[in-house]
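# Topology and contacts: notes
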Amino acid sequence: MERRTGPRGLALVVVDMINTYDHEDAELLVPSVRHVVPVLAELIGRAREADVPVIYANDNFGLWRSHHGELVDSALDCPHADLIEPIRPDDRSLFVVKARHSAFYETPLSYLLWRLDVGHVVLAGQVTEQCVLYSALDAHIRHLQVTVPKDAVASIHPHLASAALEMMERNMGAHIHEAKEIDFTRAGSGT
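A brief report on the enclosed structure follows. Worth saying up front: this structure is predicted, and the values here are computed from it rather than measured.

Reading guide: rules and limits
Residues numbered from 1 in each chain as written. Predicted model: local features only at pLDDT ≥ 70, side-chain atom pairs only at ≥ 80, totals over all residues. Heavy atoms only, no water. Axes fitted to C-alpha atoms, helices over the stretch in contact; angles between N-to-C directions. Helix = DSSP H or I, 4+ residues; strand = E, 2+ residues; numbered from the N terminus. Parallel < 35°, antiparallel > 145°, perpendicular 65-115°, else oblique. Contact = heavy atoms within 4.5 Å. Nonpolar A, V, L, I, M, F, W, Y, C, P; charged D, E, K, R; others polar. Polar contact = N/O pair within 3.5 Å; in protein donor to acceptor, adjacent residues only side chain to side chain. Expected span 1.5 Å × (residues − 1). Buried < 20%, exposed > 50% of the residue type's maximum accessible area, 1.4 Å probe, protein only. Arc of directions from axis to C-beta.

### Remarks on the packing of helix H4 (residues 128–141) against helix H5 (residues 158–172)
Here H4 crosses H5 at 10°, and the two axes come no closer than 9 Å. With respect to each other, H4 and H5 are oriented roughly parallel. Between H4 and H5, the residues in contact are Thr-128, Glu-129, Val-132, Leu-133, Ala-136, Leu-137 and His-140 and Leu-160, Ala-161, Ala-164, Leu-165, Met-167, Met-168, Asn-171 and Met-172, respectively. Taken together, the residues that form the contact of H4 with H5 break down as 11 nonpolar, three polar and one charged.

Right under this line is the structure:
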């Protein structure tokens, strides 16, 4: 993989959407995910069309021998496969397996973004008040611009998700927009 040249680019980071939904709080999360999946599928499609890197940053759920293929296969074999199929990684997708809340913590994501010359990340996925929030903070402290499409992030507790979005905007300078407002065709811009 060669480093890009020119203006610092944009990447879409899809957080924890490859999921079996057999964990605590899943019954609270799934309804929110059902609303997010069509929006996220359209967002991923537009990023792919614009040749913007789509990076899946996904929890390994404590399966330390797992890799992205196993995670995708497990999720597609679960009762909620309908939530995975529309947003599944394609052959060009990049994948970072994570073990904690932030997509950056102890993963190669920072290095990958540097290699791709990415200066602006669009964070979508789940859970707004947990992994998306912590990933946004870690992106911010790495001097990356952050955009969060508020209709492409799922939550367990809507009131905490609203507070998390406000914190990202106020404390981290994140751009909070509707997914349809994100323009992947403008280099270095998420809106």
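We are not done yet, so read on.
### Let's talk about the side chain of Ser-93
As for its position among the elements, Ser-93 is in the loop between helix H2 (68–76) and strand E3 (94–98). A polar contact of 2.8 Å, which involves the side chain of Ser-93, links it to the side chain of Asp-90. Not counting residues within four places of it along the chain, the set of residues in contact with Ser-93 comprises Arg-48, Val-54 and Tyr-56.

### Focus: H5
Between the first and last C-alpha of H5 there are 20 Å, a value that for 15 residues agrees with the 21 Å anticipated at 1.5 Å per step. Taken residue by residue, H5 has Ala-161, Ala-164, Leu-165, Met-168 and Met-172 as its buried positions. Projected onto a plane normal to the axis of H5, the buried residues spread over an arc of 100° and lie on a single side. Structural note: H5 exposes His-159, Arg-170 and Asn-171 on the side pointing more than 90 degrees away from its buried face. Check the buried side of H5 and you find it contacts H4, strand E5 (145–149) and strand E7 (175–177). Of the residues one or two after H5, Gly-173 is the one with positive phi, at around 70°.

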